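What follows is each chain in one-letter form.
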Amino acid sequence: MKMTEQEIWRPVKDYEGLYEVSNFGRVRSLTRKVKTSKGITQTWIGQMLTPGKSGNGYYYVTLSKNGKSKARRVHILVAQAFLPNKENYQQVNHIDGDKSNNAFSNLEWCTPHQNIKHAVSNGLFNNPIILQFKNGKLVGAFHSTRDAAKATGLPYSAIGKCIQHSPEHKHVGGCVFRRATEICGRPLNEEEE
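Residues numbered from 1 in each chain as written. Predicted model: local features only at pLDDT ≥ 70, side-chain atom pairs only at ≥ 80, totals over all residues. Heavy atoms only, no water.

**A short note on the sheet that holds strand 11 (residues 130–134)**
- With antiparallel pairing, the three strands of this open sheet are ordered in space as 12-11-13. Only two strands of the sheet have a single neighbouring strand rather than two, namely strand 12 (137–142) and strand 13 (175–179). Across this sheet, the average inter-strand angle for adjacent strands is 25 degrees, counted without regard to direction.
- Here strand 11 runs beside strand 13; their pairing, made up of five bridges, is antiparallel. By the bridge assignment, Gln132 is partnered in strand 13 with Phe177.
- Across the sheet, helix 2 (residues 112–121) lies against strand 11 and strand 12, angled at about 50 degrees from strand 12, the strand it touches most. (Pairing = 2+ DSSP bridges. Helix = DSSP H or I, 4+ residues; strand = E, 2+ residues; numbered from the N terminus. Axes fitted to C-alpha atoms, helices over the stretch in contact; angles between N-to-C directions. Contact = heavy atoms within 4.5 Å.)

Structural data, given as structure tokens:
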């Protein structure tokens, strides 16, 4: 993002008239009239929202509509407002790997596979990283064997044996698990995609 770029504001998807997001990755509420539960109409003055930071490093804001609040990741809001998604991809990648840089110029729509591949090849995961493949497709990445077991519900010891290429544990629960370091020096090939 260049300092000379102009900040552009667009409505937040599904919160039109309530919130806007900018191409710089900032979110603001809009001034509006609100009827309280007692039937009194009040004016809420719009303001810049201060994002929180999730445990995995993504910035989020809490948006409210019809009395219900929901946390939304800022990079997703920016991508929905500023980046066409012609391929209907499900995830948004930070191109430079910096989760705090939510400028539209640093974001791209991608598949889960592309997102994981980007993270692994750019060293954005701390070792050891465990990759999970199902039916030849990369479907997950975990910071440890224990995290893989917790997330998948599969036995820790069986995943560990699969990673060690144990003949009796080539697959666990229909999945193959490998260390990212096994494939980091080369691109993921078709068999692993």
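**Some points on the sheet that holds strand 2 (residues 19–22)**
- Pairing within the open sheet is antiparallel, and its three strands lie in the order 1-2-3. Taken across any chain shown, the strands that pair with only one partner, and hence form the sheet edges, are strand 1 (9–11) and strand 3 (27–29). Shown here is a sheet whose adjacent strand axes are inclined to one another by a mean of 30 degrees, direction ignored.
- Bridge analysis of strand 2 against strand 3 gives three bridges, and the strand direction is antiparallel. Residue pairing for strand 3: Glu20 is matched across the bridge by Arg28.

**What to know about the pairing of strand 2**
- Burial of the side chains of strand 2 extends over both faces: Tyr19 and Val21 are buried on one face and Glu20 and Ser22 on the other.
- The pairing of strand 1 with strand 2 spans three bridges and is antiparallel. What sits directly across from Pro11, in strand 2, is Glu20.
- Count of turn residues in the strand 2/strand 3 antiparallel hairpin: four residues, of which Gly25 carries a positive phi of about 95 degrees. (Buried < 20%, exposed > 50% of the residue type's maximum accessible area, 1.4 Å probe, protein only.)

**Brief notes about helix 2**
- Of the residues making up helix 2, those classed as buried are His113, Asn115, Ile116, His118, Ala119 and Val120.
- Next to the buried residues of helix 2 lie strand 9 (91–94), strand 10 (107–110), strand 11 and strand 12.
- Once helix 2 ends, the next one or two residues include Gly123, with phi positive near 65 degrees.

**What to know about the pattern of salt bridges**
- Taken as a whole, this structure holds two salt bridges when the rule is applied.
- Between Arg26 and Glu7 there is a salt bridge, and its shortest N-O distance comes to 2.8 Å. One end of the pair, Arg26, is in the loop between strand 2 and strand 3; the other, Glu7, is in the segment before strand 1, and 19 residues separate them in sequence.
- We note a salt bridge from Arg28 to Glu20, for which the minimum N-O separation is 2.6 Å. (Salt bridge = Lys/Arg side-chain N within 4 Å of Asp/Glu carboxyl O.)

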